[in-house]
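Here are the chains, one letter per residue:
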Amino acid sequence: MGEDYAIQEGFKLGRPALVCRWRLANKRLPMANRHLRALAARELGGERVSMGLVAWAKQHIEWTLEDGSTEYPDGVLMIIVDDEGQAAMTVGPFEELKRRNLSNLLARARGARRECSHTKVAPETLWAVKGDELVFDLPKDSMPSGASTLVDDLARTIGMPVCRSENLLARVLKGNERFDELFLVSDEFGVVPAEDAGGQRALKFAGAYQKLLSSMKG
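Values in this document were obtained by computation on a predicted structure and should not be read as measured data. (Residues numbered from 1 in each chain as written. Predicted model: local features only at pLDDT ≥ 70, side-chain atom pairs only at ≥ 80, totals over all residues. Heavy atoms only, no water.)

Glancing now at the packing of helix α5 (residues 146-157) against helix α7 (residues 200-215). Across the interface, α5 lies against α7 with an axial gap of 11 Å and an inter-helix angle of 115°. In terms of crossing hand, the pair formed by α5 and α7 is right-handed. Between α5, through Leu 150, Val 151, Leu 154 and Ala 155, and α7, the contact on the second element is made entirely by Phe 205, Ala 208, Tyr 209 and Leu 212. Of the residues in the contact of α5 with α7, the class split is 8 nonpolar, no polar and no charged. (Axes fitted to C-alpha atoms, helices over the stretch in contact; angles between N-to-C directions. Helix = DSSP H or I, 4+ residues; strand = E, 2+ residues; numbered from the N terminus. Left-handed = near helix turned anticlockwise from the far one by under 90°. Contact = heavy atoms within 4.5 Å. Nonpolar A, V, L, I, M, F, W, Y, C, P; charged D, E, K, R; others polar.)

Let us look at the sheet that holds strand β7 (residues 124-130). A sheet is described by the order of its strands in space; here 5 strands give the open sequence β9-β8-β7-β10-β11, paired in mixed fashion. Two strands bound the open sheet, and with one partner strand each, they are β9 (162-165) and β11 (190-193). This sheet shows a mean twist of 25° between the axes of neighbouring strands, independent of strand direction. Relative to strand β10 (residues 181-186), β7 runs antiparallel, the two being bridged by 6 bridges. Within the sheet, the bridge partner assigned to Leu 126 lies in β10 and is Leu 184. (Pairing = 2+ DSSP bridges.)

Under the counting rule described, the total for this entry stands at 4 aromatic pairs. Ring centres 4.5 Å apart and planes at 15° place the aromatic pair Trp 127 and Phe 136 in the stacked group. The burial state of Trp 127 is the same as that of Phe 136; both residues are buried. Put simply, the rings of Trp 127, Phe 136, Phe 183 and Phe 205 pair up and form one aromatic cluster. It is Arg 23 that lies over the ring of Phe 94; its NZ or CZ is 3.6 Å from the centre. Here Lys 130 stacks its cationic end above the ring of Phe 179, 5.1 Å away from the centre of that ring. (Phe/Tyr/Trp six-rings, centres within 6.5 Å; stacked < 30°, edge-to-face > 60°. Buried < 20%, exposed > 50% of the residue type's maximum accessible area, 1.4 Å probe, protein only. Lys NZ or Arg CZ within 6 Å of the ring centre and 35° of its normal.)

Considering the arrangement of structural elements, one finds Ser 145 in the loop between β8 (133-137) and α5. Only 3.4 Å separates the side chain of Ser 145 from the side chain of Asp 187, close enough to count as a polar contact. Look past the residues within four positions of Ser 145 in its chain and what remains in contact with it is Ala 38, Val 121, Ala 122, Pro 123 and Asp 187. (Polar contact = N/O pair within 3.5 Å; in protein donor to acceptor, adjacent residues only side chain to side chain.)

Geometry only, nothing functional implied.
Below you can see the structure in the form of structure tokens.
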């Protein structure tokens with residue numbers, strides 16, 4: 001791991017209750033404001049995370065991330081919060097997602113959905129192209145992640161309607177409904193078209209995300 005940061009000197013982190021994994025580019029955090037808004041929307045133990053925690057994360061991202069990510073400039077920024085509300089920040093290496101078939105992406109979306117039931121923000125979500133509409137899986141009482149808000153904005157920019165569905169994942173798993181394209185949107189991996197169910201529009205969103213990463217390296 002890279003350098004660790006903590007709210008208090010010398011404390012020991014307890015059982016992790018919340019873990020955020022955000023992709024870096026050239027020692028910088030793309031979509032920083034989006035990620036921080038999503039962090040502020042998360043819950044721990046049925047209550048929103050404290051604004052002090054969000055301010056702490058923002059301060060370290062602005063003041064110490066560049067030095068702390070020297071070993072892994074294009075790595076992953078991780079924020080870990082324990083069940084007592086104490087937090088630590090660390091930077092580790094980024095590893096490409098090896099399995100990009102639909103079955104694996106659905107499994108990841110299911111895992112993130114379980115996390116969402118506790119924190120109210122899913123770090124990875126399933127998205128689908130159905131006709132001229134873009135649909136993403138998210139419960140009504142939850143908020144989209146930073147990466148999801150980016151894709152939402154990109155779609156609306158090109159005039160593509162976006163619809164939230166709290167049962168999209170279940171509909172896909174049943175297999176009796178046709179979708180034109182399916183892809184995962186992840187705070188860590190970006191836009192990941194399913195190798196066996198992707199398409200041109202999913203690739204376009206993936207390209208826009210990669211362009212954002214490249215712009216941080218200019």
